Amino acid sequence: MACLHDHDCADHNCSSDWSLFKHIDLPKVSALNEAVTGSVKSVFKPWEQRLNTSEGHLESNEGDPELIVFIPFTADVKIKSIAIVGGADGTSPAKMRAFINRDGIDFSDAQSMQAVQEWDLAENLQGVLEYQTRYSRFQSVGNITLHFPDNFGADTTQIHYIGLKGEATLLKRDVVANIVYEIMPNPSDHKTRAETGGGFSHVE
């Protein structure tokens, strides 16, 4: 299901406040079959900059339109919708498949595995469409892999923007808070009354 952005986003839970961009672990984002190594990172940007192409775009190798994009997060997230802005002249991806919390998916895996959800995409050159998730299936997402198996007939696939909307949990991934509780008192930390002169101390 796609949502048309011809309304006031602030009234439809699709404003930049719902963007998961700030929770993407950008240094660890990767793609398979990208023509320029590392170019996939350029497609992640704030919602307001989704049509800004000055930083480059993701493109598949010539003659092979298939792409896989791996997106890890710095916190577990709940994903409500996904927006894809593709290229012109048939280079936009025509289909998208999503896998959740699976590392190292390659093209063979993607073709043989059951996706959590699949979408038929439209050519979305102006960034006015977003695709709703089956929300109950997109809870506690530590990473998501997007598989784009085909486009609208061009020799390569181009993606200029990937936007994810939803909400993050408060707990960061891979961070453990060390809280020390005193179960057995350490005598050196607790002076006796004899050692301190007895009685009570007076604090000015």
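A brief report on the enclosed structure follows. (Residues numbered from 1 in each chain as written. Predicted model: local features only at pLDDT ≥ 70, side-chain atom pairs only at ≥ 80, totals over all residues. Heavy atoms only, no water.)

Right, let's get into the side chain of S19. The topology assignment puts S19 in the loop between β1 (2-4) and β2 (30-32). Here F21 takes part through its backbone nitrogen, which lies 3.2 Å from a polar atom of the side chain of S19. Residue contacts for S19: discarding those within four places in its chain leaves L164 and K165. (Helix = DSSP H or I, 4+ residues; strand = E, 2+ residues; numbered from the N terminus. Polar contact = N/O pair within 3.5 Å; in protein donor to acceptor, adjacent residues only side chain to side chain. Contact = heavy atoms within 4.5 Å.)

As a further point, take the packing of aromatic side chains. Summed over the entire model, instances satisfying the criterion amount to two aromatic pairs. Seen from their ring centres, W119 and F138 are 6.3 Å apart, and the 50° between their planes marks the pair as tilted. In this pair, W119 is assigned in strand β6 (residues 117-120) and F138 in the loop between β7 (129-132) and β8 (141-148), connecting sequence segments 19 residues apart. Accessibility assignment for this pair places W119 and F138 in one class, buried. Above the ring of W47, the side-chain terminus of K165 is found at 3.2 Å from the ring centroid. (Phe/Tyr/Trp six-rings, centres within 6.5 Å; stacked < 30°, edge-to-face > 60°. Buried < 20%, exposed > 50% of the residue type's maximum accessible area, 1.4 Å probe, protein only. Lys NZ or Arg CZ within 6 Å of the ring centre and 35° of its normal.)

Looking now at the pairing of strand β4 (residues 67-86). For β4, a buried count of 16 out of 20 residues is recorded, marking the element as mostly surrounded by other parts of the structure. Sheet topology places β2 next to β4; three bridges connect them, and they run antiparallel. Bridging across to β4, S30 finds its partner in F70. Across two bridges, the pairing between β4 and β7 is antiparallel. Following the sheet pairing, S81 is matched in β7 by Q132. (Pairing = 2+ DSSP bridges.)

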